[in-house]
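Examination of the molecular architecture
Spelled out, the chains give:
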Amino acid sequence: QVQLVESGGGLVQAGGSLRLSCAASGSIFRINVMAWYRQAPGKQRELVAAITSGGSTNYSDSVKGRFTISRDYAKNTVYLQMNSLKPEDTAVFYCNVEAKSRRYGPVQHYWGQGTQVTVSS
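Model, not experiment: these values are computed from the prediction.

Section: the environment of Asn96
When you line up the elements, Asn96 lands in strand β9 (residues 91–100). Accessibility expressed as a relative area gives 4% for Asn96, which makes it buried. With 46 residues separating them in the primary sequence, Asn96 and Ala50 have C-alpha atoms 8.9 Å apart. Beyond its immediate stretch of four places on either side in the chain, Asn96 contacts Leu4, Val33, Met34, Ala35, Tyr37, His109, Tyr110 and Trp111.

Here it is in structure tokens:
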């Protein structure tokens, strides 16, 4: 099993910045994709940004140019640097990892517990 621990959420004024972190631990053979999702009240969970094992990234249109996803391969940690935050970014942010626990085991998805990001106007 893989455990994910998130940190870095909080309350910030519009235009401010926050940095989220998500550290993966446990039985890890290989991590493929690390990603951040978010879910605002009354809305579906949506992909914010993702980074592959090769370093390729993709972002939702709503955060392009403002958010940056990065990864520390040695620490099995993914970061989300969020700049120029807007009130509409307010949501619970979840870390998601696609990984294998064993060499010949299945690829599975794991979720963090979520961290609240609130942007005030």
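Here's the deal with the packing of aromatic side chains
On inspection of all chains with the given rule, the structure shows 2 aromatic pairs. Residues Tyr94 and Trp111 carry aromatic rings whose centres are separated by 6.4 Å and whose planes lie at 85 degrees to one another, so their mutual orientation is edge-to-face. Placement of Tyr94 in strand β9 and of Trp111 in strand β10 (residues 107–111) is noted, with a sequence separation of 17 residues between them. Assessed through its relative accessible area of 15%, Tyr94 is described here as buried. You can call Trp111 partly exposed: its relative accessible area is 39%. Three or more aromatic residues link up through ring pairs in this structure, and these residues are Tyr37, Tyr94 and Trp111. Across the ring face of Tyr94, the terminal group of Arg45 is positioned such that the distance to the ring centre comes to 3.7 Å.

Remarks on the pairing of strand β11 (residues 115–120)
By the alternation rule, side chains of β11 split into Thr115, Val117 and Val119, which are all buried, and Gln116, Thr118 and Ser120, of which none is buried. For strand β2 (residues 10–13) and β11, the ladder comprises 4 bridges, and the chain directions are parallel. Each residue of the ladder has a partner; that of Val12, found in β11, is Val119. Pairing of β9 with β11 involves 3 bridges; the strand directions are antiparallel.

Focus on the environment of Ala49
You can see Ala49 is positioned in strand β5 (residues 46–51). On the basis of relative accessible area, Ala49 is assigned to the buried category, the value being 0%. Not counting the four nearest positions on each side in its chain, Ala49 is found in contact with Met34, Ala35, Trp36, Asn58, Tyr59, Ile69 and Leu80.

A look at the sheet that holds strand β3 (residues 18–26)
Ordered in space as β1-β3-β8-β7, the 4 strands form an open sheet in which the pairing is antiparallel. At either end of the open sheet lies a strand with only one pairing partner, and these are β1 (2–7) and β7 (67–72). With direction set aside, neighbouring strand axes in the sheet form an average angle of 15 degrees.

Here we look at the side chain of Arg71
Relative to the helices and strands, Arg71 is located in strand β7. Notably, Arg71 is buried but unbridged: the nearest opposite-charge side chain belongs to Asp72, and the N-O separation is 8.4 Å. A polar contact of 3.0 Å, which involves the side chain of Arg71, links it to the backbone oxygen of Ile31. For Arg71, the side chain forms a polar contact with the main-chain oxygen of Ile51, separated by 3.4 Å. Among all residues touching Arg71, those that are not within four sequence positions of it are Ile31, Asn32, Val33, Met34, Ile51, Thr52, Ser53, Thr77 and Val78.

Thresholds applied
Sequence positions are assigned chain by chain, starting from 1 and proceeding in written order. Under the rules for a predicted model, residues below a pLDDT of 70 receive no local features and side-chain atom pairs below 80 are neither given nor counted, while totals for whole chains, interfaces and linings still include all residues. Computation of side-chain values: all heavy atoms of the structure, hydrogens and water removed. Working definition: helices are DSSP H or I runs of at least four residues, strands are E runs of at least two. Numbering for both runs from the N terminus. For each residue, the accessible area found with a 1.4 Å probe, counting protein chains only, is set against the maximum for its type, and the residue is called buried under 20%, exposed over 50%, and partly exposed in between. Contacts are assigned to residue pairs with any non-hydrogen atoms lying within 4.5 Å of each other. For Phe, Tyr and Trp, where Trp contributes only its six-membered ring, two rings pair if their centres lie within 6.5 Å, and the inter-plane angle classes them as stacked under 30 degrees, edge-to-face over 60, or tilted in between. Placement of a charge over a ring requires the Lys NZ or Arg CZ to be within 6 Å of the ring centre, with the centre-to-atom vector within 35 degrees of the ring normal. One bridge is not enough; two strands pair if DSSP finds at least two bridges between them. For helices, the axis comes from a line fit to the C-alpha atoms of the stretch in contact; other axes are also lines fit to C-alpha atoms, and the angle between any two N-to-C directions lies between 0 and 180 degrees. Here the positive residues are Lys and Arg and the negative ones are Asp and Glu; neither His nor the chain ends is included. Only one rule defines a salt bridge in this text: a Lys or Arg side-chain nitrogen within 4 Å of an Asp or Glu carboxyl oxygen. Within 3.5 Å is the distance limit for a polar contact, defined as a pair of N or O atoms, with the added protein rule that one can donate a hydrogen and the other accept it, and that residues adjacent in sequence qualify only through two side-chain atoms.

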